[in-house]
Amino acid sequence: MTETDIDIALFSSEAHRLFLVQLKAKAVTQPGNAALAWRIAQIHRALGEFDDALHYYCAVQQAEPGHPEASYFIDLLSGKGGNTPLNTCGSLAPPFIRFENFLDARMQEALWQATTEQLPELHPSVVEEYGVVGLHQNTRRSHSNRAGQRIRDIFYQRVAELVERHDIIGKLEISNLDAVRDLQISLIAYGDGDYFKAHRDSGTMPNNRLRELSFVYHFFREPKRFSGGALYLYDAGQVAGEIAQVNNFTCLHPVNNSITFFPSRALHEVTPIECASKNPIDGRFAITGWALRPEDNH
Ligand SMILES: O=C(O)CCC(=O)C(=O)O
Ligand SMILES: [Fe+2]
(Lines give C-alpha, C1' and ligand atoms only; values in the text may rest on other atoms or scores of the structure.)
(Ligands and ions follow the chains in the order given, each with its own letter.)
Protein backbone atom coordinates (compact mmCIF):
# COMPACT_ATOMS: atom_id res chain seq x y z
CA MET A 1 0.00 0.00 0.00
CA THR A 2 1.18 3.49 -0.68
CA GLU A 3 -0.04 6.69 0.82
CA THR A 4 -1.86 7.57 -2.37
CA ASP A 5 -4.11 4.54 -1.99
CA ILE A 6 -5.56 6.13 1.05
CA ASP A 7 -9.00 7.01 -0.29
CA ILE A 8 -9.62 3.44 -1.34
CA ALA A 9 -8.31 2.05 1.91
CA LEU A 10 -10.38 4.34 4.07
CA PHE A 11 -13.25 1.91 4.20
CA SER A 12 -11.37 -0.82 6.03
CA SER A 13 -10.41 -0.17 9.62
CA GLU A 14 -7.47 -2.56 9.36
CA ALA A 15 -6.09 -0.52 6.49
CA HIS A 16 -6.76 2.58 8.57
CA ARG A 17 -4.56 1.16 11.31
CA LEU A 18 -1.77 0.31 8.91
CA PHE A 19 -1.78 3.78 7.45
CA LEU A 20 -1.82 5.36 10.88
CA VAL A 21 1.34 3.53 11.90
CA GLN A 22 3.10 4.58 8.71
CA LEU A 23 1.89 8.16 8.73
CA LYS A 24 2.62 8.68 12.39
CA ALA A 25 6.16 7.40 11.99
CA LYS A 26 6.62 10.01 9.30
CA ALA A 27 4.90 12.73 11.33
CA VAL A 28 7.45 12.35 14.14
CA THR A 29 10.17 13.53 11.78
CA GLN A 30 7.99 16.20 10.15
CA PRO A 31 6.05 17.89 12.96
CA GLY A 32 5.21 20.95 10.85
CA ASN A 33 3.78 18.98 7.91
CA ALA A 34 0.13 20.08 7.75
CA ALA A 35 -0.82 17.68 4.97
CA LEU A 36 0.42 14.72 6.97
CA ALA A 37 -1.31 15.82 10.17
CA TRP A 38 -4.49 16.30 8.12
CA ARG A 39 -4.42 12.71 6.88
CA ILE A 40 -3.85 11.34 10.34
CA ALA A 41 -6.71 13.44 11.73
CA GLN A 42 -9.03 12.25 8.97
CA ILE A 43 -8.28 8.60 9.72
CA HIS A 44 -8.86 9.04 13.44
CA ARG A 45 -12.21 10.67 12.64
CA ALA A 46 -13.18 7.65 10.54
CA LEU A 47 -12.23 5.37 13.43
CA GLY A 48 -14.37 7.39 15.84
CA GLU A 49 -11.32 8.43 17.88
CA PHE A 50 -12.19 12.05 18.37
CA ASP A 51 -9.53 12.99 20.94
CA ASP A 52 -6.77 11.79 18.64
CA ALA A 53 -8.45 13.38 15.62
CA LEU A 54 -8.70 16.69 17.48
CA HIS A 55 -5.04 16.54 18.41
CA TYR A 56 -4.06 16.30 14.73
CA TYR A 57 -6.61 18.83 13.45
CA CYS A 58 -5.06 21.23 15.98
CA ALA A 59 -1.62 20.35 14.59
CA VAL A 60 -2.91 21.25 11.12
CA GLN A 61 -4.15 24.56 12.42
CA GLN A 62 -0.84 25.24 14.11
CA ALA A 63 1.15 24.45 10.98
CA GLU A 64 -1.27 26.35 8.78
CA PRO A 65 -3.12 29.01 10.79
CA GLY A 66 -6.53 29.84 9.37
CA HIS A 67 -6.98 26.42 7.71
CA PRO A 68 -10.79 26.60 7.39
CA GLU A 69 -11.59 22.90 7.41
CA ALA A 70 -9.38 22.22 10.41
CA SER A 71 -11.35 24.81 12.42
CA TYR A 72 -14.58 23.22 11.25
CA PHE A 73 -13.54 19.78 12.49
CA ILE A 74 -12.18 21.16 15.75
CA ASP A 75 -15.60 22.70 16.45
CA LEU A 76 -17.42 19.62 15.24
CA LEU A 77 -15.53 17.00 17.20
CA SER A 78 -15.33 19.01 20.37
CA GLY A 79 -19.12 18.92 20.45
CA LYS A 80 -19.98 22.40 19.25
CA GLY A 81 -21.57 21.32 15.99
CA GLY A 82 -20.15 23.22 13.08
CA ASN A 83 -19.56 26.67 14.53
CA THR A 84 -17.38 27.42 11.54
CA PRO A 85 -19.97 27.80 8.79
CA LEU A 86 -20.05 24.91 6.36
CA ASN A 87 -20.55 27.08 3.33
CA THR A 88 -17.38 29.07 3.96
CA CYS A 89 -15.06 26.28 5.11
CA GLY A 90 -15.69 24.18 2.01
CA SER A 91 -16.07 20.93 3.94
CA LEU A 92 -18.76 18.54 2.87
CA ALA A 93 -18.60 16.51 6.05
CA PRO A 94 -22.09 16.71 7.51
CA PRO A 95 -22.34 18.61 10.78
CA PHE A 96 -23.66 16.80 13.83
CA ILE A 97 -24.17 17.53 17.51
CA ARG A 98 -24.14 14.82 20.16
CA PHE A 99 -25.22 15.07 23.79
CA GLU A 100 -24.43 12.38 26.32
CA ASN A 101 -26.53 11.55 29.40
CA PHE A 102 -29.69 12.77 27.70
CA LEU A 103 -32.27 11.11 29.99
CA ASP A 104 -32.08 10.99 33.77
CA ALA A 105 -32.20 7.60 35.52
CA ARG A 106 -35.98 7.72 36.08
CA MET A 107 -36.69 8.50 32.42
CA GLN A 108 -34.28 5.81 31.24
CA GLU A 109 -36.18 3.34 33.38
CA ALA A 110 -39.50 4.56 31.92
CA LEU A 111 -38.06 4.18 28.41
CA TRP A 112 -36.96 0.59 29.06
CA GLN A 113 -40.43 -0.23 30.36
CA ALA A 114 -42.12 1.32 27.34
CA THR A 115 -39.64 -0.37 24.99
CA THR A 116 -40.14 -3.80 26.54
CA GLU A 117 -43.88 -3.35 26.21
CA GLN A 118 -43.59 -2.33 22.56
CA LEU A 119 -41.16 -5.10 21.59
CA PRO A 120 -43.88 -7.54 20.45
CA GLU A 121 -45.24 -4.86 18.08
CA LEU A 122 -41.97 -4.34 16.23
CA HIS A 123 -41.85 -5.70 12.70
CA PRO A 124 -39.09 -6.09 10.10
CA SER A 125 -38.07 -2.57 9.09
CA VAL A 126 -39.09 -1.19 5.73
CA VAL A 127 -37.19 1.42 3.76
CA GLU A 128 -37.64 3.50 0.60
CA GLU A 129 -35.56 2.32 -2.32
CA TYR A 130 -35.91 4.04 -5.71
CA GLY A 131 -39.34 5.33 -4.79
CA VAL A 132 -40.67 2.05 -3.41
CA VAL A 133 -41.18 1.55 0.32
CA GLY A 134 -40.82 -2.07 1.31
CA LEU A 135 -38.71 -4.77 2.88
CA HIS A 136 -35.34 -4.25 1.23
CA GLN A 137 -33.18 -6.38 3.46
CA ASN A 138 -30.00 -5.78 1.50
CA THR A 139 -30.30 -2.19 2.64
CA ARG A 140 -31.92 -2.41 6.03
CA ARG A 141 -32.24 -5.16 8.59
CA SER A 142 -33.75 -4.47 12.01
CA HIS A 143 -37.12 -4.45 13.74
CA SER A 144 -38.98 -1.21 14.22
CA ASN A 145 -42.25 0.62 14.57
CA ARG A 146 -43.57 4.08 15.21
CA ALA A 147 -42.89 4.92 18.81
CA GLY A 148 -45.90 4.49 21.07
CA GLN A 149 -47.36 7.37 23.06
CA ARG A 150 -45.25 6.71 26.15
CA ILE A 151 -42.03 6.98 24.17
CA ARG A 152 -43.30 10.08 22.38
CA ASP A 153 -44.07 11.62 25.77
CA ILE A 154 -40.51 11.00 26.91
CA PHE A 155 -38.90 12.50 23.81
CA TYR A 156 -41.06 15.14 22.17
CA GLN A 157 -40.75 17.99 24.65
CA ARG A 158 -37.19 17.20 25.70
CA VAL A 159 -35.98 17.14 22.12
CA ALA A 160 -37.82 20.34 21.19
CA GLU A 161 -36.34 22.14 24.21
CA LEU A 162 -32.81 20.88 23.59
CA VAL A 163 -32.98 21.98 19.95
CA GLU A 164 -34.09 25.44 20.97
CA ARG A 165 -31.71 25.85 23.91
CA HIS A 166 -28.63 24.93 21.87
CA ASP A 167 -29.70 26.48 18.57
CA ILE A 168 -29.25 23.10 16.93
CA ILE A 169 -31.09 24.11 13.77
CA GLY A 170 -28.82 27.14 13.34
CA LYS A 171 -25.63 25.20 14.08
CA LEU A 172 -26.56 22.48 11.61
CA GLU A 173 -27.42 25.15 9.05
CA ILE A 174 -30.89 23.84 8.34
CA SER A 175 -32.57 26.70 6.57
CA ASN A 176 -36.08 25.34 6.04
CA LEU A 177 -36.89 24.87 9.70
CA ASP A 178 -37.26 27.30 12.56
CA ALA A 179 -38.31 25.00 15.42
CA VAL A 180 -39.36 21.45 16.19
CA ARG A 181 -43.13 21.33 15.72
CA ASP A 182 -43.91 18.20 13.81
CA LEU A 183 -41.87 15.20 14.94
CA GLN A 184 -42.04 11.61 13.66
CA ILE A 185 -40.52 9.21 16.18
CA SER A 186 -39.72 5.52 15.86
CA LEU A 187 -38.26 2.71 17.92
CA ILE A 188 -35.67 0.43 16.33
CA ALA A 189 -34.15 -2.79 17.69
CA TYR A 190 -30.97 -4.18 16.12
CA GLY A 191 -29.99 -7.77 16.84
CA ASP A 192 -27.24 -10.02 15.55
CA GLY A 193 -26.51 -9.37 11.85
CA ASP A 194 -28.69 -6.26 11.61
CA TYR A 195 -27.57 -3.07 9.87
CA PHE A 196 -28.76 -0.06 7.90
CA LYS A 197 -26.70 0.61 4.75
CA ALA A 198 -25.95 4.12 3.49
CA HIS A 199 -29.13 6.16 3.12
CA ARG A 200 -30.64 9.58 3.60
CA ASP A 201 -33.63 10.10 5.89
CA SER A 202 -35.30 12.56 3.55
CA GLY A 203 -36.63 11.39 0.22
CA THR A 204 -39.54 11.69 -2.16
CA MET A 205 -42.20 9.70 -0.30
CA PRO A 206 -45.11 11.27 1.58
CA ASN A 207 -43.62 10.15 4.91
CA ASN A 208 -40.08 11.43 4.36
CA ARG A 209 -40.17 14.34 1.92
CA LEU A 210 -40.53 17.00 4.63
CA ARG A 211 -37.80 15.71 6.92
CA GLU A 212 -35.11 18.27 7.74
CA LEU A 213 -33.58 17.42 11.10
CA SER A 214 -32.82 13.87 12.23
CA PHE A 215 -31.98 12.67 15.68
CA VAL A 216 -30.85 9.28 16.93
CA TYR A 217 -30.96 8.35 20.59
CA HIS A 218 -28.88 5.24 21.31
CA PHE A 219 -29.56 2.96 24.25
CA PHE A 220 -28.60 -0.52 25.32
CA ARG A 221 -28.22 -2.63 28.42
CA GLU A 222 -24.94 -2.31 30.25
CA PRO A 223 -22.56 -4.01 30.20
CA LYS A 224 -22.83 -3.84 26.43
CA ARG A 225 -23.52 -7.25 24.90
CA PHE A 226 -22.98 -6.46 21.22
CA SER A 227 -20.26 -5.05 19.01
CA GLY A 228 -20.48 -2.99 15.82
CA GLY A 229 -23.45 -0.74 15.25
CA ALA A 230 -21.41 2.40 14.62
CA LEU A 231 -23.16 5.31 12.94
CA TYR A 232 -21.17 6.58 9.96
CA LEU A 233 -21.85 10.08 8.65
CA TYR A 234 -20.41 10.24 5.14
CA ASP A 235 -18.59 13.20 3.69
CA ALA A 236 -19.74 14.11 0.23
CA GLY A 237 -17.30 15.06 -2.48
CA GLN A 238 -18.08 17.61 -5.12
CA VAL A 239 -17.15 17.68 -8.79
CA ALA A 240 -18.22 20.66 -10.89
CA GLY A 241 -20.84 21.63 -8.35
CA GLU A 242 -22.39 18.15 -8.28
CA ILE A 243 -22.32 15.77 -5.33
CA ALA A 244 -19.70 13.16 -6.13
CA GLN A 245 -18.15 10.10 -4.55
CA VAL A 246 -17.54 10.04 -0.84
CA ASN A 247 -14.03 9.61 0.48
CA ASN A 248 -14.25 9.73 4.24
CA PHE A 249 -16.75 9.70 7.08
CA THR A 250 -17.21 10.46 10.74
CA CYS A 251 -17.66 7.37 12.87
CA LEU A 252 -19.89 7.67 15.92
CA HIS A 253 -19.64 4.62 18.15
CA PRO A 254 -22.91 3.99 19.97
CA VAL A 255 -22.91 5.54 23.44
CA ASN A 256 -25.69 4.51 25.79
CA ASN A 257 -28.11 7.36 26.60
CA SER A 258 -26.67 9.72 23.97
CA ILE A 259 -28.60 11.72 21.39
CA THR A 260 -27.13 12.85 18.08
CA PHE A 261 -28.60 15.42 15.70
CA PHE A 262 -27.72 15.79 12.01
CA PRO A 263 -29.38 17.11 8.84
CA SER A 264 -31.79 14.52 7.37
CA ARG A 265 -30.21 14.90 3.94
CA ALA A 266 -26.82 13.65 5.21
CA LEU A 267 -25.78 10.25 3.92
CA HIS A 268 -25.35 7.84 6.85
CA GLU A 269 -25.11 4.18 7.72
CA VAL A 270 -25.33 1.81 10.68
CA THR A 271 -22.60 -0.85 10.52
CA PRO A 272 -23.53 -4.49 11.23
CA ILE A 273 -24.21 -5.55 14.78
CA GLU A 274 -22.75 -8.72 16.25
CA CYS A 275 -24.55 -10.05 19.28
CA ALA A 276 -24.12 -13.55 20.67
CA SER A 277 -27.18 -13.33 22.90
CA LYS A 278 -30.51 -14.37 21.40
CA ASN A 279 -32.41 -12.19 23.87
CA PRO A 280 -33.64 -9.15 21.90
CA ILE A 281 -33.20 -6.92 24.93
CA ASP A 282 -29.40 -7.41 24.71
CA GLY A 283 -29.17 -5.72 21.31
CA ARG A 284 -28.67 -2.15 20.16
CA PHE A 285 -31.70 0.12 20.45
CA ALA A 286 -32.39 3.46 18.86
CA ILE A 287 -35.11 6.04 19.05
CA THR A 288 -34.95 7.98 15.82
CA GLY A 289 -36.87 11.10 15.07
CA TRP A 290 -37.36 13.55 12.25
CA ALA A 291 -38.50 17.14 12.50
CA LEU A 292 -40.58 18.10 9.49
CA ARG A 293 -40.52 21.47 7.77
CA PRO A 294 -43.90 23.13 7.25
CA GLU A 295 -45.70 21.94 4.13
CA ASP A 296 -45.31 25.21 2.20
CA ASN A 297 -41.54 25.68 2.81
CA HIS A 298 -39.38 24.28 0.04
O1 LIG B 1 -29.73 3.45 14.52
C2 LIG B 1 -29.10 4.43 14.14
O3 LIG B 1 -28.06 4.80 14.69
C4 LIG B 1 -29.58 5.24 12.95
C5 LIG B 1 -30.89 4.80 12.40
C6 LIG B 1 -31.23 5.48 11.12
O7 LIG B 1 -30.38 5.96 10.41
C8 LIG B 1 -32.64 5.62 10.71
O9 LIG B 1 -33.51 5.06 11.38
O10 LIG B 1 -32.90 6.30 9.71
FE1 LIG C 1 -31.28 7.20 8.98
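Just so it is clear, the structure is predicted and the values come from calculations on it, not from any experiment.

**Student:** Kindly report on the sheet that holds strand E2 (residues 123-124), identifying the contributing residues and their values.
**Tutor:** Here seven strands make up an open sheet; going across it, the order is E1-E15-E9-E18-E7-E6-E2 and the pairing antiparallel. Taken across any chain shown, the strands that pair with only one partner, and hence form the sheet edges, are strand E1 (97-99) and E2. Where strand E7 (residues 182-190) and strand E18 (residues 284-292) come together, nine bridges link them in antiparallel fashion. Its bridge partner lying in E18, Ala189 is registered against Phe285. Most of the contacts of helix H8 (residues 149-165) go to E7, to which it runs at about 120°, and overall it touches E1, E7, strand E9 (211-219), strand E15 (258-263) and E18.

**Student:** Explain the site of ligand 1 to me, using residue names and the numbers behind them.
**Tutor:** Surveying the vicinity of ligand 1 reveals 15 residues, the closest of which are Tyr190, Asp201, His218, His268 and Arg284. Measuring from an oxygen atom of ligand 1, one finds a side-chain N or O atom of His199 at 3.1 Å. Separating an oxygen atom of ligand 1 from a side-chain N or O atom of Arg284 is a distance of 2.8 Å. Taken by itself ligand 1 offers 300 Å² of open surface, and the protein chains cover 98% of this. If you list the elements that add at least two residues to the shell around ligand 1, you get E7, strand E8 (195-199), E9, strand E16 (268-270) and E18.

**Student:** Tell me about the pattern of salt bridges, and name the residues and values.
**Tutor:** If you walk through the whole model with that rule in mind, you get nine salt bridges. Residues Glu49 and Arg17 are paired through a salt bridge, measuring 2.5 Å at the closest nitrogen-oxygen approach. In this pair, Glu49 sits in the loop between helix H3 (34-46) and helix H4 (50-63) while Arg17 sits in helix H2 (residues 13-29), placing the two residues 32 residues apart along the sequence. Under the relative-accessibility criterion, Arg17 is labelled partly exposed at 40%. Between Arg45 and Asp235 there is a salt bridge whose closest N-O contact spans 2.8 Å.

**Student:** Before we move on, could you go through the sheet that holds E8 and cite the residues and values that matter?
**Tutor:** Ordered in space as E5-E8-E16-E11-E14, the five strands form an open sheet in which the pairing is antiparallel. Sheet topology places strand E5 (140-141) and strand E14 (249-252) at the edges, where each strand pairs with a single neighbour. Pairing of E8 with E16, which is carried by two bridges, proceeds in the antiparallel orientation. The partner of Phe196 across the bridge, within E16, is Val270.

Calculation rules
- Residues numbered from 1 in each chain as written.
- Chains lettered and ligands numbered in written order.
- Predicted model: local features only at pLDDT ≥ 70, side-chain atom pairs only at ≥ 80, totals over all residues.
- Heavy atoms only, no water.
- Pairing = 2+ DSSP bridges.
- Helix = DSSP H or I, 4+ residues; strand = E, 2+ residues; numbered from the N terminus.
- Contact = heavy atoms within 4.5 Å.
- Axes fitted to C-alpha atoms, helices over the stretch in contact; angles between N-to-C directions.
- Near = heavy atom within 4 Å.
- Polar contact = N/O pair within 3.5 Å; in protein donor to acceptor, adjacent residues only side chain to side chain.
- Areas by Shrake-Rupley, 256 points an atom, 1.4 Å probe, with all protein chains shown as cover.
- Salt bridge = Lys/Arg side-chain N within 4 Å of Asp/Glu carboxyl O.
- Buried < 20%, exposed > 50% of the residue type's maximum accessible area, 1.4 Å probe, protein only.

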